[in-house]
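# Commentary on secondary and tertiary structure
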Amino acid sequence: MNAIPWLTLLWVVPAIGAVVILMLPPRLRVVAKWAALATSVGVLALAIVLAVRFDPGGDQYQFVESRSWIPAFGTRYELGIDGIALALVVLTAVLLPLLLLAGWNDADADRRRATHRYVALMLLVEAMVMVSFTALDIFLFYIFFEAMLIPMYFLIAGFGAAEQAPGQRSRAAVKFLLYNLAGGLVMLAAVIGLYVVTADQGGGTFDFREIVSAVSSGSLDIDPTVGKALFLGFMFAFAVKAPLWPLHTWLPDAAVQATPAGAVLMMAVVDKVGTFAMLRYCVQLFPDATRYFTPLIVTLAVIGIIYGAILAIGQTDLMRLIAYTSISHFGFIILGIFALTSQGQSGSTLYMVNHGIATAALMLIAGFLVSRRGSRAIADFGGVQKVAPLLAGTFLVAGLATLSLPGLGPFVSEFLVLIGTFTRYPVAAVCASVALVLAAIYVLWMYQRVMTGPVNKGTERLTDLHGREMLVVAPLLALLLALGIYPAPVLDVIDPAVGHTLTVIDERDPAPAVAEPDGGDR
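Residues numbered from 1 in each chain as written. Predicted model: local features only at pLDDT ≥ 70, side-chain atom pairs only at ≥ 80, totals over all residues. Heavy atoms only, no water.

For the protein, the name recorded in an unreviewed UniProt entry is NADH dehydrogenase subunit M, with Williamsia marianensis as its organism. According to the UniProt record, the Sequence similarities (unreviewed entry) comment for the protein is "Belongs to the complex I subunit 4 family." (UniProt positions renumbered as here; feature names shortened; annotations may be inferred.)

### Observations concerning the confidence of the model for the protein
Low-pLDDT stretches of the model should not have their predicted coordinates read in fine detail. Looking at the protein, the pLDDT average stands at 87 and 95% of residues meet or exceed 70. No element of the protein has a lower mean pLDDT than helix α16 (residues 384–387), which averages 85, and none a higher one than helix α3 (residues 83–102), which averages 94. (pLDDT = per-residue confidence, 0-100. Helix = DSSP H or I, 4+ residues; strand = E, 2+ residues; numbered from the N terminus.)

### Quick look at the packing of aromatic side chains
The final tally for this structure, using the stated rule, is 22 aromatic pairs. Aromatic rings pair up to connect Tyr61, Phe141, Phe145, Phe208, Phe234, Phe238, Tyr281 and Phe286 into one cluster. Note that Arg449 overlies the ring of Trp445, its terminal NZ or CZ placed 3.8 Å from the centroid. (Phe/Tyr/Trp six-rings, centres within 6.5 Å; stacked < 30°, edge-to-face > 60°. Lys NZ or Arg CZ within 6 Å of the ring centre and 35° of its normal.)

### Notes on the environment of Tyr351
Note that Tyr351 resides in helix α15 (residues 342–373). A residue is classified by how much of its surface remains accessible, and Tyr351, at 2% relative accessible area, is buried. Taking the C-alpha atoms as reference, Tyr351 lies 14 Å from Gly407; in sequence the two are 56 residues apart. Residue contacts for Tyr351: discarding those within four places in its chain leaves His329, Phe332, Ile333, Gly356, Ser404, Ser413, Glu414 and Val417. (Buried < 20%, exposed > 50% of the residue type's maximum accessible area, 1.4 Å probe, protein only. Contact = heavy atoms within 4.5 Å.)

### Things to note about the packing of helix α13 (residues 287–313) against helix α14 (residues 318–338)
Here α13 crosses α14 at 155 degrees, and the two axes come no closer than 8 Å. Classified by the interaxial angle, the pair formed by α13 and α14 is roughly antiparallel. Helix-helix and strand crossings are classified by hand; for α13 and α14 the assignment is left-handed. Across from Thr290, Thr294, Ile297, Val298, Ala301, Val302, Gly304, Ile305, Gly308, Ala309, Leu311 and Ala312 in α13, the residues of α14 making contact are Leu321, Tyr324, Thr325, Ile327, Ser328, Gly331, Phe332, Ile334, Leu335 and Phe338. Each residue belonging to the contact of α13 with α14 can be placed in one class, and the counts come to 15 nonpolar, 7 polar and no charged. (Axes fitted to C-alpha atoms, helices over the stretch in contact; angles between N-to-C directions. Parallel < 35°, antiparallel > 145°, perpendicular 65-115°, else oblique. Left-handed = near helix turned anticlockwise from the far one by under 90°. Nonpolar A, V, L, I, M, F, W, Y, C, P; charged D, E, K, R; others polar.)

### Points about the pairing of strand β1 (residues 62–70)
Bridge analysis of β1 against strand β2 (residues 75–81) gives 6 bridges, and the strand direction is antiparallel. From the neighbouring strand, Arg67 faces β2, where its bridge partner is Tyr77. The antiparallel hairpin formed by β1 and β2 contains 4 residues in its connecting segment, where Gly74 sits at a positive phi of about 65 degrees. (Pairing = 2+ DSSP bridges.)

Below is the structure:
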């Protein structure tokens, strides 16, 4: 037990910050924004402390906190992080201050909006995501997995993109909520079912580590049919959140209707809870069911990769195009997870981090551009690089990161995913590689239409990035470059956790084929 409850502080600080901000007088808008920014920086400092103190060669779960919560149900307040969770905790902590800076004036455009509520909701989402990444009790995870939908709903419905009608925002928010609530209700049935299984064979518990240990050792015998049903219950909820094709249809609408900062919070942070949970809960709790359903999930992931890329090419709305790229990228993440290889799962975890940074950069820069022009239609732009070269240059770098250009972070993670998949599912890896060409098409064609050519009418008045916007963009581009050149520090933290996951489910990387002297393989 740690003397300092670091993981509790990680979510309590933003939660308390949100409450304090809501209590400030309405006239103190600027104070509310600075208070939110200071709170998010405090959370970032806590995350840095955790990263520095974390020992990749130490215990699997570190900074563990365990206290009695609901003894009658075998539920505890239990937190802990491994290398995978740590990477996503740091990603969340890094992005929140930048999102608050990027959306500094989002809630001020309409006097009817409350700046206090906007920044408080952002902090509440951060708090709930932090609990989801660190929870070691399945019931505790479920509560916050569902609870984060509430502040996210209000961020979309109440503080959407300024150029959108409130009715459109409300419809997108309701669609987001209904899809995710449906997934959560199915998961609740699976959570209860898992508790019943553990109760029938000893004492009912929601302790993740205890259940995984029992499954791994064979002391918890789950009927194969029941195991498959429970796996599907968990997987359905996570596939909606991620999202996995064909459960993705809520994402483009929600991303377009939200503010750019809100859309990034949803796609780069909240949706990562889904892919993280696949790797932690689906794979480790139900290894046999995972192997059974892997061919289906790999197929759906490949479809999502190609589908998202093709639809991105056909978009005429700048923000919707970026939203569809995320569907393709989530397909890569899920593909790597269910390849069940060390390269695939390490690549997927690194992809979660790189996708969060690259999507944040591209979406926020596009948001700066749209706010200047007052339109999301690609046809309304043209020649931007002549009037705003800094904006165009940073947009190009973010776009190149999205298409996984070598030297930028996403390339390393995508390369690892494809290698890890190829060793076990070569056809799937080859099909997924088609998206590399498609990504070049949608990114470069988007850049050509928006940034190059003659200056379009209405574009000549655009201004370049100013100080606050550069303060948002520069760290994101620096991180993309650093992770593209030297990803080892992150992989050194991730790899032991991935190795533990594969050991728990008794999976090993496929042995490479060795050519015989006569040309045969053995």
